[in-house]
Amino acid sequence: MDTFTFSVPQNIIFGKGSLAKLPECAKKLSAKKAFILTGPHLAKTAHCANVISGLQEAGIETAVFSDIEGNPSTDTVAKAAAAYKDFGGDTIIAFGGGSPMDVAKAVAVVVTYGGEVADYEGFKVPGPVTPMIAIPTTAGTGSEVTAFSVITDHSRNYKLTVCSYDIIPKYAILDPALLSATPAGIAAACGIDAFIHAEESYISKAASPFTEMMSEKAMELIGGNIRAFVADRTNEEAAAAMLQGSLYAGIAFSWARLGDVHAMSHPVSAYFNVAHGVANGILLPVIADYNALADMGKYRKIAGYISPSHEAPAGFVPSMLGDEIRKLNHDIGIPATLSDVGVTREHFDAMADDTMKSGNIAVNPRTTTKEDILRLYEQAM
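Worth saying up front: this structure is predicted, and the values here are computed from it rather than measured.

(A) Here's a closer look at the overall build of the protein. Across its full length, the protein holds 14 helices and 8 strands. The C-alpha atoms of the protein give 20 Å as radius of gyration, which agrees with the globular expectation for 381 residues (21 Å, within 12%). Dimensions along the principal axes, computed over C-alpha positions, put the protein at roughly 60 × 45 × 45 Å. For the protein, with 381 residues in total, the buried portion stands at 59%. Nonlocal contacts in the protein, meaning residues at least 24 apart in sequence, comprise 78% of its contacts between residues at least 6 apart. Put simply, the protein shows about 14800 Å² of open surface, and 53% of that area lies on carbon and sulfur atoms. Treating the 29 positive side-chain charges of the protein as one cloud and the 41 negative ones as another, the clouds have centres 3 Å apart.

(B) Just helix 6 (residues 209-231), in detail. For helix 6, spanning 23 residues, the distance from its first C-alpha to its last is 34 Å, which sits close to the expected 33 Å at 1.5 Å a residue. Maximum bend of helix 6: about 50 degrees, positioned at N225.

(C) Just the sheet that holds strand 2 (residues 33-37), in detail. Pairing is parallel in the open sheet, where 6 strands are placed in the order 1-8-5-4-2-3. The open sheet has two free edges, formed respectively by strand 1 (11-14) and strand 3 (61-65), since each of these has just one partner strand. Strand-to-strand twist of the sheet, defined as the mean angle between neighbouring strand axes without regard to direction, takes the value 15 degrees. When strand 4 (residues 91-96) meets strand 5 (residues 132-136), the two strands line up parallel, connected through 5 bridges. Each residue of the ladder has a partner; that of G96, found in strand 5, is P136. This element, helix 4 (residues 98-113), spans strand 2, strand 4 and strand 5 of the sheet and lies at about 165 degrees to strand 4.

(D) Looking closely at a nonpolar patch on the surface. Where nonpolar side chains cluster on the molecular surface, the patch consists of F4, F6, V8 and I12 and spans about 320 Å² of accessible area. Examined against the element boundaries, F6 turns out to sit in the segment before strand 1.

Here is what the cut-offs are and how they apply
Residues numbered from 1 in each chain as written. Predicted model: local features only at pLDDT ≥ 70, side-chain atom pairs only at ≥ 80, totals over all residues. Heavy atoms only, no water. Helix = DSSP H or I, 4+ residues; strand = E, 2+ residues; numbered from the N terminus. Rg over C-alpha atoms; globule rule 2.2 N^0.38 Å. Buried < 20%, exposed > 50% of the residue type's maximum accessible area, 1.4 Å probe, protein only. Contact = heavy atoms within 4.5 Å. Areas by Shrake-Rupley, 256 points an atom, 1.4 Å probe, with all protein chains shown as cover. Lys, Arg positive; Asp, Glu negative; His and termini not counted. Charge placed at Lys NZ, Arg CZ, Asp CG, Glu CD. Expected span 1.5 Å × (residues − 1). Bend = angle between axes of the 7 residues up to and from the residue. Pairing = 2+ DSSP bridges. Axes fitted to C-alpha atoms, helices over the stretch in contact; angles between N-to-C directions. Patch = residues over 30% accessible without salt bridge, like charges linked within 9 Å, V, L, I, M, F, W, Y side chains within 5 Å. Salt bridge = Lys/Arg side-chain N within 4 Å of Asp/Glu carboxyl O.

Now the structure itself:
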C-alpha cells in the first residue's frame, strides 16, 4: 500500500448567491482595509461593484487594483504590492480568474516578507502570509485552492512559480452566478485548462487515492458539461458543474502536481503570450499520444468522461485518447496547432530548456528528455 499525505486547509463556500458571504468572511479575518485585485474588465462590472459595496456596508474600507494582464508579470506584482502598501491594507481579495489570483498570492508574499516575487521562486516562502479571500469568476484555474502562483518574468521570458501551502487563500467563495458573463472563448480556454488539471493529476506519478478521487469527480463534471457551458454560459447547472469541477481539480493537482502539458505550456505563454488554457489545450492531445505508452488503465476512464456518450469508444485502446481530445477541442473552439496561435520555431531550444526546469516533468507518467520535448513541440505545430 502506498503512503500519502493531504489536507484541505481552508474554508470553501459554494453556491448561487454565495458572494453575499464575503463581508462575513472578511470580518472573520479581522479585515478593516481590504485590497481588491481584479482585471480591468471585471473592475467595471456590477459584480465587482457588489464586492466593493458589500465590504463597505460592513464597515471595511476598500481599494481596487485592476491593472492586471492575462499572463501577469513581475512588474505587475511590484506595482500591486506598492499600491497595497500605500493603501495600508490588511486583507487581500482576489476577484477574477487565474491572473488576479496569481498576483494576489505573489503580493501577499511580497508585502509580508519584502523583496521581489522572484526571491520566492520555488519553495522559499518562509511562512504564513497576509490573509486572502479568493472569488473565482471563471471555471478553470482552480487557483482559489492551489498552493501555486505563476508569474511571468519578461527579463528571461520565463514563467516562475512560487510554491507554498501558506499561500492558499483562507476562504474561497464560489458563486456560479459570476460565470454568466464569461465570453465563449474564455469559457473554453479556462474549461479545458481545468480538465487538464484533473487529467494530469490523475495520471501523475504522485497521484494518491485522495487526489484520484478528486480528479475523477472533476473530469466527470467538466467533461460532461464543458460543451453545454461553452454553448451557453447562462446555463446554471452547467456553470455550477464547471465551477465544482475546477475546484476539485485544483485540490487534486495541489497534491499530485501536473505533467508535461503544463511544463511545456508555460514557455509557450512566456515567449509568445498565448493564453495559458489555449496553450494547454493545443498540447494536451499531443502529450496524450506520447503518454499512451505508460497508460495503466486510466485512459479508458478519461475517454469516457469527455465523450458525449459518457463512455469510451468501442474497441478503445490508449492510443485513441488523443483523437477523442481533439474532437473535444474542435467542439469548443480550441485551436488545433501552435502555429495557429502564432508560435514559431526559433525559440524551441530555449523553451525546451525551460520546460525541463519544471517539477512537473518528474511526475509525468512517461519519462521525458529535452529531445522528447523538442519533438513534441514540433508535433504540436
